[in-house]
Amino acid sequence: MTEWYEDRIRSAINGINPMVMTELAGGYAVFGDVQFLPGYSVLLPKRNVASLNDLAINERTAFLRDMSILGDAVLFACHAKRINYDILGNTDNFLHAHVFPRYLTEDAKKLKKPVWLYSSDYWTNPKYLYDPQKHDQLRQKITDYLISHTNYRC
């Protein structure tokens with residue numbers, strides 16, 4: 001039996017991805033598995049494709065619009081300095097957009113660089129893993145923003 005995280009898009013489509021906050025017209029807004037930058041979220045597409053270019057233009061437009069609205073929600077909920085967006089596909093061969101809040105409380109050198117230059121242990125250190133006790137209030141605030149600001153939701 002496949003675990004939900006082994007196919008994040010299919011598990012979102014099937015309603016079994018526990019990290020999904022809400023479904024939008026262009027994708028699924030998902031709270032990040034790690035929270036070393038609290039509020040880190042991801043947008044998954046409505047169908048499993050390798051890259052943004054594999055979507056039809058209307059799907060692409062909806063995906064990018066919803067990525068920016070997810071950024072608005074994270075910015076609102078987290079009071080971050082700014083949002084960094086990343087669509088890479090270098091490691092995971094499926095389309096997904098990272099939405100990273102960036103904070104003035106970060107080390108100044110790190111704040112000027114991509115999140116990927118944080119030590120790789122930030123992605124696996126148990127102290128940064130999603131914890132409902134620590135993160136659900138922020139997750140709910142992002143979800144509430146998305147629901148109240150997207151009248152075209154699915």
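Reference entry: report on the structure contained in this document. (Residues numbered from 1 in each chain as written. Predicted model: local features only at pLDDT ≥ 70, side-chain atom pairs only at ≥ 80, totals over all residues. Heavy atoms only, no water.)

**Focus: the layout of surface pockets**
Turning to step 1, where the next piece is worked out: Size it by volume and the largest pocket reaches roughly 460 Å³.
Turning to step 2, where the next piece is worked out: Residue lining of the largest pocket: 19 residues in total, with Tyr 40, Asp 92, His 96, His 98 and Trp 123 positioned closest to the centre.
Turning to step 3, where the next piece is worked out: Of the residues assigned to the lining of the largest pocket, the class counts are 10 nonpolar, six polar and three charged. (1 Å grid on protein atoms, 1.4 Å probe; cavity = no way out; pocket = protein on both sides within 12 Å on 5 of 7 lines; lining within 4 Å. Points joined across faces, edges and corners; volume = space filled by probe spheres on them. Nonpolar A, V, L, I, M, F, W, Y, C, P; charged D, E, K, R; others polar.)

**Observations regarding helix α4 (residues 132-149)**
Turning to step 1, where the next piece is worked out: For α4, with 18 residues, the first-to-last C-alpha span of 24 Å sits near the 26 Å given by 1.5 Å per residue.
Turning to step 2, where the next piece is worked out: Listed as buried for α4 are His 135, Leu 138, Arg 139, Ile 142, Thr 143, Tyr 145 and Leu 146.
Turning to step 3, where the next piece is worked out: Along its buried surface, α4 packs onto β1 (20-23), β2 (28-31), β3 (41-44) and α2 (57-78).
Turning to step 4, where the next piece is worked out: Its side-chain oxygen 2.9 Å from the backbone nitrogen of Gln 133, Asp 131 forms the N-cap of α4. (Helix = DSSP H or I, 4+ residues; strand = E, 2+ residues; numbered from the N terminus. Expected span 1.5 Å × (residues − 1). Buried < 20%, exposed > 50% of the residue type's maximum accessible area, 1.4 Å probe, protein only. Contact = heavy atoms within 4.5 Å. Polar contact = N/O pair within 3.5 Å; in protein donor to acceptor, adjacent residues only side chain to side chain.)

**Concerning the sheet that holds β2**
The pairing of strands in a sheet comes from backbone hydrogen bonds and takes either a parallel or an antiparallel form.
Turning to step 1, where the next piece is worked out: Taken together, five strands build an open sheet; the order of strands is β1-β2-β3-β5-β4 and the sheet is antiparallel. On the outer flanks of this sheet lie β1 and β4 (82-86), each paired with one strand and no other. Across the sheet, the axes of successive neighbouring strands diverge by a mean angle of 20°, strand direction being ignored.
Turning to step 2, where the next piece is worked out: Note that β3 and strand β5 (residues 97-102) share three bridges and pair antiparallel. Following the sheet pairing, Leu 43 is matched in β5 by Ala 97.
Turning to step 3, where the next piece is worked out: Packing against the sheet, α4 makes contact with β1, β2 and β3, and its axis sits at approximately 5° to β1. (Pairing = 2+ DSSP bridges. Axes fitted to C-alpha atoms, helices over the stretch in contact; angles between N-to-C directions.)

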